[in-house]
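The primary structure of each chain is shown beneath.
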Amino acid sequence: MEQTMSHQMMGYDRTSTMFSPDGRLLQVEYAKKTVRQGSTAIGIVCKDGVLLVTDRRVADKLIVAESVEKLFKVDDHIGAAVSGFISDGRVLIERARVKAQQYRVTYDEPIDVQELVKEISDVKQAFSQYGGARPFGVSILFAGIDESGIKLFATEPSGIFFQYRATAIGEGEVEITAFLNEEYKDGMSLDDGLKLAIKAFKKILGKDFDINRMTGGYIDNNEKKFTKYDINQIRKIAK
């Protein structure tokens, strides 16, 4: 703690382009902390597809919950969930949509999920390298199905990305990731995956869990199209 305060007083956190003496980019670390204050999103790969579930937490009871969008369709075969600064996420999602459409127009086929993830991660990395801009304060889960199979990726504010079988971003991500490590099983169906995601939210949120705040989407192996869950489907699973 004292070392971090010392770094701040010496100005190493004033720009994302300045390394501290121990090799840290403090603005990027602050961006990661912003993500962990955002509402949680979970992604799970199943035998018959991949799903995303988010907590649509709102700060004011007068806000219409349906107007808070944290789950997005990027292309027919790709969905995304964001945590952190939603405005930052919206900008990156729009860029991802444009990239996906450009690819379709150019090559007359859907974009590979990892190629799209790399494109967005490169943008994030650039904003941690050039002066005059701050890092994006958002992590994004990308879920999709392409010719090489079912994919789930998580991107961080630093521009790094990893592929997962199951993971979480946002508030409680450490606890939920630990829960998924214990409960996740290969060969789960989409219904089993949704049950597991809701169970994780119930466990971590406790008395703050509200089924009406849950929103989710999935891509199955048959249709290969991103489809949002109806709230009644989620309520049924939650019971």
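What comes next concerns the included structure. Model, not experiment: these values are computed from the prediction. Once a new chain begins, its residue numbering starts again from 1 and follows that chain's sequence as written. With the structure being a predicted model, the display of local features is reserved for residues of pLDDT at least 70 and the display and counting of side-chain atom pairs for 80 or more, all residues being used for whole-chain, interface and lining totals. Note: side-chain values were computed over all heavy atoms of the structure, leaving out hydrogens and water.

### A word on the sheet that holds strand E2 (residues 49–55)
Pairing between the strands of a sheet is mediated by backbone hydrogen bonds and can be parallel or antiparallel. For two strands to pair, DSSP has to find at least two bridges joining them. By definition, any uninterrupted DSSP run of H or I lasting at least four residues is a helix, any uninterrupted run of E lasting at least two residues is a strand, and each is numbered from the N terminus. The five strands are arranged E8-E1-E2-E9-E10 in an open sheet whose pairing can be described as antiparallel. Edge positions in the sheet fall to strand E8 (166–169) and strand E10 (226–228), since each has one partner strand and no second. The mean inter-strand angle of the sheet, taken between neighbouring strand axes irrespective of direction, is 15 degrees. Where E2 lies against strand E9 (residues 214–220), seven bridges are found, and the strand directions are antiparallel. To get an axis, fit a line to the C-alpha atoms, keeping to the stretch in contact for a helix; angles then go from 0 to 180 degrees between the N-to-C directions.

### A look at the pairing of E9
Three labels apply to residues, based on accessible area from a 1.4 Å probe with only protein chains included: buried if under 20% of the type maximum, exposed if over 50%, partly exposed otherwise in between. With seven of its seven residues buried, E9 lies for the most part within the structure. Both faces of E9 are covered, namely the face carrying Met 214, Gly 216, Tyr 218 and Asp 220 and the face carrying Thr 215, Gly 217 and Ile 219. Between the end of E9 and the start of E10, which pair antiparallel, lie five residues, with Lys 224 showing a positive phi angle near 55 degrees.

### Description of the packing of helix H3 (residues 86–107) against helix H4 (residues 113–126)
Look at H3 against H4: their axes get within 10 Å of each other, and the N-to-C directions meet at 135 degrees. When the interaxial angle is binned, H3 and H4 end up oblique. Seen along the crossing, H3 lies across H4 with a hand that is right-handed. Two secondary-structure elements touch here, H3 through Leu 92, Arg 95, Ala 96, Lys 99, Ala 100 and Tyr 103 and H4 through Glu 115, Leu 116, Glu 119, Ile 120, Val 123 and Lys 124. The residue classification treats Ala, Val, Leu, Ile, Met, Phe, Trp, Tyr, Cys and Pro as nonpolar and Asp, Glu, Lys and Arg as charged. All others, Gly included, are polar. Residues of the contact of H3 with H4, tallied by class, amount to seven nonpolar, no polar and five charged. Roughly parallel means an angle under 35 degrees; roughly antiparallel, over 145; roughly perpendicular, 65 to 115; everything else is oblique. Whether a crossing is left-handed or right-handed is set by the direction in which the near helix is turned from the far one by less than a right angle, anticlockwise for left-handed and clockwise for right-handed. Every residue pair with non-hydrogen atoms within 4.5 Å of one another is taken to be in contact.

### Here's the deal with unusual backbone geometry
Negative phi values dominate among residues other than glycine, just as trans dominates among peptide bonds. In this model, Asp 108 sits at a positive phi of 55 degrees, which is unusual for a non-glycine residue. On the basis of relative accessible area, Asp 108 is assigned to the exposed category, the value being 70%.

### Some thoughts on the side chain of Arg 213
Considering the arrangement of structural elements, one finds Arg 213 in the loop between helix H6 (190–205) and E9. Arg 213 has contacts with Thr 54, Asp 55, Arg 56, Arg 57, Leu 205 and Asp 208, leaving out every residue within four places of it along the chain.

### Focus: the sheet that holds strand E6 (residues 149–155)
The sheet built from five strands is open, its strands ordered E3-E4-E5-E6-E7 with antiparallel pairing. Each end of this open sheet is capped by a strand with a single partner; those strands are strand E3 (71–75) and strand E7 (161–163). Neighbouring strand axes in the sheet, compared pairwise and without regard to direction, differ in orientation by 25 degrees on average. Along the sheet, H3 contacts E3, strand E4 (78–84) and strand E5 (138–146); its crossing angle with E3, the most-contacted strand, is approximately 20 degrees.

### Here's the deal with the nonpolar core
Nonpolar side chains in soluble globular proteins tend to be buried together. In this description, a nonpolar core means a group of buried Ala, Val, Leu, Ile, Met, Phe, Trp, Tyr and Cys residues linked to one another through side-chain atoms lying within 4.5 Å. Formed by 42 residues in total, the largest nonpolar core has its most connected members in Ile 42, Ile 44, Leu 51, Leu 180, Ile 198 and Met 214. In terms of residue count, H6 provides more of this core than any other element does, eight residues in total. If we ignore the near neighbours within four places in the chain, the residues touching Leu 180 are Ile 42, Ile 44, Ala 166, Thr 167 and Leu 196. Membership of the second largest hydrophobic core comes to 21 residues, among which are Val 113, Leu 116, Val 138 and Ile 140.

### Some details on the packing of aromatic side chains
The aromatic pairing rule takes the rings of Phe, Tyr and Trp, using the six-membered ring of Trp, and pairs them if the centres are within 6.5 Å, calling planes under 30 degrees apart stacked, those over 60 edge-to-face and the rest tilted. The tally for this structure, following the rule as stated, stands at five aromatic pairs. Taken together, a centroid distance of 6.4 Å and an interplanar angle of 75 degrees make the contact between Phe 162 and Tyr 164 edge-to-face. The partly exposed category is assigned to Phe 162, whose relative accessible area is 40%. A relative accessible area of 29% places Tyr 164 in the partly exposed class.

### A closer look at the pairing of E5
With respect to burial, E5 is a largely interior element, nine of its nine residues being buried. In E5, alternate side chains face the same way, and those of Val 138, Ile 140, Phe 142, Gly 144 and Asp 146 on one face and Ser 139, Leu 141, Ala 143 and Ile 145 on the other are all buried. The sheet contact formed by E4 and E5 spans seven bridges and is antiparallel. Looking across to E5, one finds that Ile 78 is bridged to Gly 144. As paired elements, E5 and E6 share seven bridges and run antiparallel to each other. Looking at the pairing, Ile 145 lines up with Ile 150 of E6.

### Quick notes on the packing of H6 against helix H7 (residues 231–238)
Two elements in contact, H6 and H7, have axes separated by 9 Å at closest approach and are oriented at 70 degrees. With respect to each other, H6 and H7 are oriented roughly perpendicular. The residues of H7 that touch H6, namely those facing Asp 191, Leu 194, Lys 195, Ile 198 and Lys 202, are Ile 234, Ile 237 and Ala 238. Here the contact of H6 with H7 is composed, by residue class, of five nonpolar, no polar and three charged.

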